[in-house]
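Chain residues, written in single-letter form:
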Amino acid sequence: MAQYAPDGHSSTCLAGEVASRASEGTTMRKIVLMMSVSVDGFIEGPNRELDWHLVDDEVHGHFNEVLSGMSAFLSGRVMHELMAEFWPTADQDPSSTPEMVEFSGIWRDKPKIVYSRTLQRADWNATVVRDVVPEEVRELKAQPGGDMSLGGADLAAAFLRHDLIDEYRIYVHPVVIGRGKPLFPPSAAKVDLELAETRTFGNGVVLLHYRRPESVGS
């Protein structure tokens, strides 16, 4: 089974162990896509603007609750570098809210897997992996621990192509931005989902939580 160690190297994959866990009925941990989008489906503006995101204390507290239960964060280079610019020391900023201080520790301490073909290394408890290899991801899912959070449109598209996403937590912000980067680019993939949960926050953000049918009740 692949072990993603802090030094950026993975051990030899043991595909047979994954098959053994599946045959024994062992619950596999899930890949959970967790992203904010505009009403018209964009994750950022044409110049990577995020100033339209409405993340107040209620929403941020909810994010912290969900993400604190994850065993690892999976992202691409751009998202990792964006997060690393601010969050590791946000708890030292006097202007940070209690929710921001809490998330700073969550993000800093969680194991992270950064998918990149250009990075040689990544800081903050991160491991660099070159490509999305389905067999390696399935082996990662077979390891014990909590579910894993997936972030970033490009990485999500790669995981979707390989049918590796188990749950979708999409946070729709009450704004139309007209253009930008869509969460889901055109794709031939068709994935049937079941609604697991909805939640409307006080600021108008709406959570749409979907699961693959086989994930419901697991």
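Please refer to the structure higher up on the page.
Treat the numbers as computed from the prediction; the structure is a model and nothing was measured. (Residues numbered from 1 in each chain as written. Predicted model: local features only at pLDDT ≥ 70, side-chain atom pairs only at ≥ 80, totals over all residues. Heavy atoms only, no water.)

Another aspect to go through is the overall build of the protein. Within the protein, the secondary structure is distributed over six helices and ten strands. Residues counted as buried form 44% of the 218 residues belonging to the protein. In the protein, of all internal contacts separated by at least 6 residues, the share reaching a separation of at least 24 is 70%. For the protein, the exposed surface amounts to about 11,200 Å²; the carbon and sulfur share of it is 52%. (Helix = DSSP H or I, 4+ residues; strand = E, 2+ residues; numbered from the N terminus. Buried < 20%, exposed > 50% of the residue type's maximum accessible area, 1.4 Å probe, protein only. Contact = heavy atoms within 4.5 Å. Areas by Shrake-Rupley, 256 points an atom, 1.4 Å probe, with all protein chains shown as cover.)

On to the packing of aromatic side chains. For the coordinates displayed, the defined rule picks out five aromatic pairs. Arranged with centres 4.9 Å apart and planes meeting at 80°, the rings of phenylalanine 86 and tryptophan 87 form a pair that is edge-to-face. On the numbers, 6.2 Å between centres and 55° between planes, the contact of tyrosine 168 with phenylalanine 184 is tilted. Of this pair, tyrosine 168 sits in strand 7 (residues 167-173) while phenylalanine 184 sits in the loop between strand 8 (181-182) and strand 9 (194-200), and the two are 16 residues apart along the sequence. Note on tyrosine 168: relative accessible area 6%, which makes it buried. (Phe/Tyr/Trp six-rings, centres within 6.5 Å; stacked < 30°, edge-to-face > 60°.)

Topologically, valine 66 is positioned in helix 2 (residues 57-68). Taking the relative accessible area as the measure of exposure, valine 66 reaches 17% and is therefore buried. A sequence separation of 32 residues divides valine 66 from methionine 34, and the C-alpha atoms of the two residues are 9.8 Å apart. The residues contacting valine 66, other than those within four sequence positions of it, are Met34, Arg169 and Tyr171.

In any sheet, the strands associate via hydrogen bonds between backbone groups, in a parallel or an antiparallel arrangement. The eight strands are arranged 5-4-3-6-1-7-10-9 in an open sheet whose pairing can be described as mixed. The open sheet has two free edges, formed respectively by strand 5 (126-129) and strand 9, since each of these has just one partner strand. Between one strand axis and the next, the sheet turns by 20° as a mean value, whatever way the strands run. (Pairing = 2+ DSSP bridges. Axes fitted to C-alpha atoms, helices over the stretch in contact; angles between N-to-C directions.)

For phenylalanine 184, a relative accessible area of 40% puts it in the partly exposed group. Along the primary structure phenylalanine 184 and aspartate 154 are separated by 30 residues, whereas in three dimensions their C-alpha atoms are 8.6 Å apart.

A word on the pairing of strand 9. Examined bridge by bridge, strand 9 and strand 10 (residues 206-211) share six bridges and lie antiparallel to one another. When the sheet's bridge partners are listed, threonine 198 is paired in strand 10 with leucine 208. From the end of strand 9 to the start of strand 10, which pair antiparallel, there are five residues, and glycine 204 there has a positive phi angle of about 100°.

By size, the foremost hydrophobic cluster in this structure holds 27 residues, and its most contacted members are Leu33, Leu74, Tyr115, Val132, Leu150 and Phe159. For this core, the secondary-structure elements that each account for two or more residues are strand 1 (31-38), strand 3 (72-76), strand 4 (112-115), helix 5 (134-142), strand 6 (148-150), helix 6 (153-161) and strand 7. Tallying contributions element by element places helix 6 first for this core, with six residues. (Core = buried A, V, L, I, M, F, W, Y, C linked by side-chain atoms within 4.5 Å.)

Let us now look at the side chain of serine 104. Here serine 104 lies in helix 4 (residues 98-109). Separated by 3.4 Å, the side chain of serine 104 and the backbone nitrogen of aspartate 91 make a polar contact. When sequence neighbours within four positions are dropped, the list of residues in contact with serine 104 reads Trp87, Pro88, Thr89, Ala90 and Asp91. (Polar contact = N/O pair within 3.5 Å; in protein donor to acceptor, adjacent residues only side chain to side chain.)

Applying the stated rule across the entire model yields eleven salt bridges. Residue glutamate 81 pairs with arginine 77 through a salt bridge whose shortest N-O separation is 3.0 Å. Of the two residues, glutamate 81 and arginine 77 are both situated in helix 3 (residues 77-86); the distance of four residues between them amounts to about one turn of the helix. When its relative accessible area of 32% is taken as the criterion, arginine 77 is described as partly exposed. Residue aspartate 163 is joined to arginine 212 by a salt bridge in which the shortest nitrogen-to-oxygen separation is 2.5 Å. (Salt bridge = Lys/Arg side-chain N within 4 Å of Asp/Glu carboxyl O.)

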